[in-house]
Amino acid sequence: MACVVAGQRRFTLFPPDQIHNLYVGPLDRTIAGQPTSMVELNAPDFNRFPGFRKALAAAATAELEPGDAIYIPALWWHQVEALAPFNVLVNYWWNDSPDAAARFDAMVHAALAIGHLPAKRRAAWEAMFDTFVFRHHGDPVAHLAPEHRSVLGEPTPQLRAYIKAYLARGLQRP
């Protein structure tokens, strides 16, 4: 959530499905802590970044005046531009899960563990993620009693602690 207190701001938002057209820079070495697009929004190099045209077509833009607020949905990419010489913006970011910070870490780990495998192996992992993470085929453990669902069970504080310890042990392996 962002609210303009003074000045004017332009927000450009890109939906998550445009990630491949945003030409995101390094995932782990960023100025602000979050990955950013390498494309200059106001002067895009379409020869170098041709897919950015599609991202622009999908973008939403809003110009805010003092007292205006904008809600930026989770995982939407955005750029904020100052349109006045003096600006004050107040924003607040919140997470809707105790594990929100670990989500990006999980993606980076998957990129390390799976991203460089041969295509057929990545396709097999895609099926696993579709089943167990994205649940495209329904609840993958509906056939198990709740007490036997282990890491796919309801995420209680105890289960979260168990999973974090399990993952930490796994990361210690060469």
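Residues numbered from 1 in each chain as written. Predicted model: local features only at pLDDT ≥ 70, side-chain atom pairs only at ≥ 80, totals over all residues. Heavy atoms only, no water.

Notes on the overall build of the protein
Right, on to step 1. On a plain count of helices and strands, the protein comes out with four helices and six strands.
Right, on to step 2. When its helices and strands are written in sequence order, the protein yields β-β-α-β-β-β-β-α-α-α.
Right, on to step 3. By the compact-globule yardstick of 16 Å for 174 residues, the protein is too spread out, its C-alpha radius of gyration being 20 Å.
Right, on to step 4. Expressed as lengths along the three principal axes of its C-alpha atoms, the size of the protein is roughly 60 × 40 × 35 Å.
Right, on to step 5. Counting the 174 residues in the protein, one finds 20% classified as buried.
Right, on to step 6. When contacts within the protein are restricted to residue pairs at least 6 apart in sequence, long-range pairs at least 24 apart make up 68% of them.
Right, on to step 7. For the protein, the distance from the average position of its 16 positive side-chain charges to the average position of its 16 negative side-chain charges is 10 Å. (Helix = DSSP H or I, 4+ residues; strand = E, 2+ residues; numbered from the N terminus. Rg over C-alpha atoms; globule rule 2.2 N^0.38 Å. Buried < 20%, exposed > 50% of the residue type's maximum accessible area, 1.4 Å probe, protein only. Contact = heavy atoms within 4.5 Å. Lys, Arg positive; Asp, Glu negative; His and termini not counted. Charge placed at Lys NZ, Arg CZ, Asp CG, Glu CD.)

Describing a nonpolar patch on the surface
Right, on to step 1. Taken together, the side chains of W125, M128, F132, V133 and F134 present a nonpolar region at the surface, about 490 Å² in accessible area.
Right, on to step 2. In this structure, V133 sits in the loop between α3 (119-132) and α4 (157-172).
Right, on to step 3. A residue is classified by how much of its surface remains accessible, and V133, at 48% relative accessible area, is partly exposed. (Patch = residues over 30% accessible without salt bridge, like charges linked within 9 Å, V, L, I, M, F, W, Y side chains within 5 Å. Areas by Shrake-Rupley, 256 points an atom, 1.4 Å probe, with all protein chains shown as cover. Salt bridge = Lys/Arg side-chain N within 4 Å of Asp/Glu carboxyl O.)

Focus on the side chain of T12
Right, on to step 1. With respect to the helices and strands, the residue T12 is situated in strand β2 (residues 9-14).
Right, on to step 2. The buried category is assigned to T12, whose relative accessible area is 4%.
Right, on to step 3. Residues contacting T12, with those up to four places away along its chain left out, are L41, A59, A60, T61, W77, H78, Q79 and E81.

Observations concerning the sheet that holds β2
Strand pairing in a sheet takes place through backbone hydrogen bonds and is either antiparallel or parallel in direction.
Right, on to step 1. If you trace the three strands from one edge of the open sheet to the other, you get β3-β2-β5, paired in antiparallel fashion. Lying at the two open borders of the sheet, with one neighbouring strand each, are β3 (60-64) and β5 (77-82). Between one strand axis and the next, the sheet turns by 15° as a mean value, whatever way the strands run. (Pairing = 2+ DSSP bridges. Axes fitted to C-alpha atoms, helices over the stretch in contact; angles between N-to-C directions.)

Things to note about the packing of aromatic side chains
Right, on to step 1. For the structure on display, the rule yields four aromatic pairs.
Right, on to step 2. Ring geometry for Y23 against F49: centres 4.9 Å apart, planes inclined by 55°, an arrangement best described as tilted. Taken together, the residues span a long stretch of sequence, with Y23 in the loop between β2 and α1 (52-58) and F49 in the loop between β2 and α1 at a distance of 26 residues.
Right, on to step 3. Residue F49 is classed as buried on the basis of its relative accessible area of 7%. (Phe/Tyr/Trp six-rings, centres within 6.5 Å; stacked < 30°, edge-to-face > 60°.)

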